[in-house]
Amino acid sequence: MHVNEYDVIVVGAGPAGGMAALTAARLGLRTVLVEEHPEVGSPTHCSGKLQLHAFREFNLPDHLVLNTLQAGAFYAPNGAVARVRRSTPDSHVVDRAVFDRWLAYGAQSAGAELLLETRLRGAERLNGAMRVAGERTGKTFSGSAPVIIDAEGARPVLPATLGVTLPRRLVYGLQYQMSDVDLEAVDCPEIYLGSAVSPGFFAWLMPIGPRRARVGVCVDQFLSGRAPIHYLDRVMREHPVASRRLKHARIERKLAGPIPVLGARRPTVIQNMLLVGDTAGQVKATSGGGIYFSLIAGQLAAQAAANYIGGNTEALRDYEGGWRRRFGRELSVTAFARATLNRMTDEELNGLISAIGTNDSVRAAVETHGDTAYQSRLIFPLLRQSLHPSRFAVMSGAMFKALRFGLRALWDDGAHLARHDGNRASGFGTRKGEDSDQREPIGRSGGLTP
Ligand SMILES: Cc1cc2nc3c(=O)[nH]c(=O)nc-3n(C[C@H](O)[C@H](O)[C@H](O)COP(=O)(O)OP(=O)(O)OC[C@H]3O[C@@H](n4cnc5c(N)ncnc54)[C@H](O)[C@@H]3O)c2cc1C
């Protein structure tokens with residue numbers, strides 16, 4: 001008879017894995033949280049913008065907050081700007097290292113075991129249980145449990161060893177954390193758009209406190225031949241607004257990593273392994289934001305594991321329906337918007353930004369209905385504004401592209417746009433040494449190493 005060492009093995013101590021382990025341990029499961037790095041939360045790649053929804057829903061403490069955001073400024077390629085300000089704050093900015101550690105140590109306090117410097121390379125089903133294997137501090141490691149929660153992040157290896165490939169379209173992000181930044185307002189992130197600024201995504205300036213900001217770009221490898229560093233350097237030197245803000249700024253640290261913005265999000269249940277967070281592609285394709293949905297998915301996966309271990313044999317399969325009901329619509333709608341935005345010309349972007357920036361009723365619609373966690377809430381109000389005869393001419397190009405390119409992405413979350421992912425991945429990304437999330441190639445042949 002096979003004896004499981006654990007009830008659940010959680011792979012990866014980011015937000016998805018940390019929340020899964022915390023929830024599983026609180027529910028009384030024998031839980032292990034496995035992390036490949038010697039420290040949780042490091043290296044960091046993320047800007048750390050996290051909506052207030054998450055703070056309320058998960059009762060997150062104030063000491064995690066670096067800054068609070070209530071406004072936004074969107075710069076068009078021609079320099080036109082749309083400024084929006086909500087009546088209440090939308091998001092906080094967190095320090096991801098502190099945030100991830102808070103979750104992992106919370107899981108430990110609730111009874112989970114935390115294994116650092118343990119890198120898993122494969123999973124298999126053995127005698128009715130799930131077994132994982134890899135290395136721990138240079139030696140072979142294996143463990144078994146009825147359920148695995150896979151929270152490996154944007155480039156998972158375990159699903160392939162169970163025979164499932166997940167086509168993903170990654171954008172590559174690079175950002176500098178900077179001091180002595182001449183911010184316009186500490187609660188207002190700035191977004192810079194345009195084909196010369198950041199093809200297939202955007203550049204940003206995210207204030208993290210007085211005179212401090214994270215300044216970055218994300219680039220879609222299918223829409224650009226150049227690495228993110230090329231665009232980031234250019235934004236910092238030449239962008240009329242960003243270069244002014246950064247004139248006296250100094251780089252404190254570099255952060256980089258990929259984001260799985262589009263791609264197959266099915267399956268998220270493979271045998272008795274549940275995929276959560278970036279591994280499951282649970283990221284908004286418009287903004288690349290994934291922390292909030294990772295937390296929700298981590299919690300749902302742990303609850304499903306507990307129900308399964310409690311005797312409900314359908315519980316694991318129900319996980320997929322559960323997360324789709326909570327935020328599946330957001331992934332579809334943001335895939336729709338991303339597919340549309342990627343096809344818009346700079347002139348069309350100029351028209352869109354000016355319509356928001358110069359028209360009171362369009363801006364009011366954004367300020368009232370805009371919610372960076374639930375972006376689909378803005379779709380119908382914006383559509384209504386676009387159909388107004390005075391704006392129809394300027395918005396018609398965008399609407400045509402939404403119908404032509406966005407609808408299919410709405411249907412399949414952008415999976416068809418990821419079909420050829422991987423072809424151009426090597427040699428792209430950020431420069432070696434700057435990509436803090438750079439990983440060695442791992443054999444994907446299946447089977448376990450030890
Ligand atoms: C430049 C950039 C900026 C971003 N900014 C934001 C933002 O402002 N707001 C937002 O919401 N989202 C942002 N994101 C996205 C956000 O970082 C991710 O959505 C989020 O980190 C997903 O959490 P996760 O737990 O799924 O994965 P991760 O945070 O990537 O965690 C995965 C963990 O698993 C570990 N691991 C991986 N493989 C193995 C293995 N085989 N064995 C053991 N351990 C393993 C890794 O070391 C890592 O600790 C940004 C991303 C990038 C790249």
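Think of each chain on its own: its residues are numbered from 1, step by step along the sequence as written. Residue-level local features of this predicted model are given only where pLDDT is at least 70; pairs of side-chain atoms are given and counted only at 80 or more, and the full residue set underlies all totals for whole chains, interfaces and linings. With hydrogens and water excluded, all non-hydrogen atoms of the structure serve as input to the side-chain values.

## Concerning the side chain of His92
Now for step 1: For the purposes of this entry, the term helix denotes a DSSP run of H or I that reaches at least four residues, the term strand denotes a run of E that reaches at least two, and both are numbered from the N terminus. Relative to the helices and strands, His92 is located in strand β7 (residues 91–94).
Now for step 2: Each residue is assigned to one of three classes by its accessible area relative to the maximum for its type, calculated with a 1.4 Å probe on protein chains only: buried under 20%, partly exposed between the two thresholds, exposed over 50%. Residue classification places His92 among the buried positions, given a relative accessible area of 13%.
Now for step 3: Polar contacts involving the side chain of His92 include one to the side chain of Thr68, which spans 2.9 Å.
Now for step 4: If we skip the residues at most four places from it in the chain, His92 touches Gly48, Lys49, Leu50, Leu52, Phe55, Val65, Asn67 and Thr68. The term polar contact refers here to a pair of N or O atoms within 3.5 Å; inside protein, the definition further demands a hydrogen-donor-capable atom paired with an acceptor-capable atom, and it admits residues adjacent in sequence only when both atoms are side-chain atoms. Residues are treated as being in contact if the distance between any of their heavy atoms lies within 4.5 Å.

## Regarding the site of the ligand
Now for step 1: Near residues are defined by distance, with any heavy atom within 4 Å of the molecule or strand qualifying the residue. In the vicinity of the ligand there are 34 residues, among which Glu35, Lys49, Arg96, Leu120 and Asp278 approach most closely.
Now for step 2: For the ligand, a nitrogen atom lies 3.1 Å from a polar atom in the backbone of Ser47.
Now for step 3: One nitrogen or oxygen atom from the main chain of Gly290 is found 3.0 Å from an oxygen atom belonging to the ligand.
Now for step 4: Per-residue and other accessible areas were derived by the Shrake-Rupley procedure at a 1.4 Å probe size, with only the shown protein chains allowed to occlude residues. Considered on its own, the ligand offers 1000 Å² of accessible surface; in the complex 94% of this is hidden by protein.
Now for step 5: Broken down by secondary-structure element, the contributors of at least two residues to the shell around the ligand are α1 (15–26), β9 (118–126), β17 (250–263) and α7 (291–309).
Now for step 6: Gly is put with the polar residues, along with every residue not named as nonpolar or charged; the nonpolar set is Ala, Val, Leu, Ile, Met, Phe, Trp, Tyr, Cys and Pro, and the charged set is Asp, Glu, Lys and Arg. Of the residues in the shell around the ligand, the class split is 11 nonpolar, 15 polar and 8 charged.

## Some details on the nonpolar core
A general tendency of soluble globular proteins is for nonpolar side chains to be buried together.
Now for step 1: In terms of nonpolar packing, the biggest core is built from 52 residues, with Leu50, Phe99, Ile149, Tyr292, Leu295 and Tyr319 touching the most fellow members.
Now for step 2: Looking at this core, the elements that each hand over two or more residues are β1 (8–11), α1, α2 (52–57), α3 (96–109), β12 (147–150), α7 and α8 (315–343).
Now for step 3: A per-element tally of this core places α7 first, with 12 residues.
Now for step 4: Discounting chain neighbours no more than four positions away, the residues touching Phe99 are Pro15, Leu50, Leu60, Leu64, Val94, Ile291 and Leu295. In this description, a nonpolar core means a group of buried Ala, Val, Leu, Ile, Met, Phe, Trp, Tyr and Cys residues linked to one another through side-chain atoms lying within 4.5 Å.

## Here's the deal with the environment of Ala71
Now for step 1: Secondary-structure assignment places Ala71 in strand β5 (residues 71–75).
Now for step 2: Look at Ala71 and you get buried, because its relative accessible area is 14%.
Now for step 3: Here the alpha-carbon distance between Ala71 and Thr88, two residues 17 residues apart in the chain, equals 9.1 Å.
Now for step 4: Not counting the four nearest positions on each side in its chain, Ala71 is found in contact with Val84, Arg85, Asp187, Cys188 and Pro189.

## Section: unusual backbone geometry
Now for step 1: At the junction of Ser42 and Pro43, the peptide bond is cis and its omega measures out at 5° in the coordinates.
Now for step 2: Of note, the bond from Arg266 into Pro267 is cis; its omega dihedral lies within 30 degrees of zero at 0°.
Now for step 3: On the secondary structure map, Pro267 appears in the loop between β17 and β18 (269–270).
Now for step 4: One non-glycine residue with positive phi stands out, namely Arg211, at about 60°.
Now for step 5: Along the chain, Arg211 falls in the loop between β15 (203–209) and β16 (212–220).
Now for step 6: In the Ramachandran plot, Asp413 falls in the positive-phi region, its phi being about 60° despite a non-glycine side chain.

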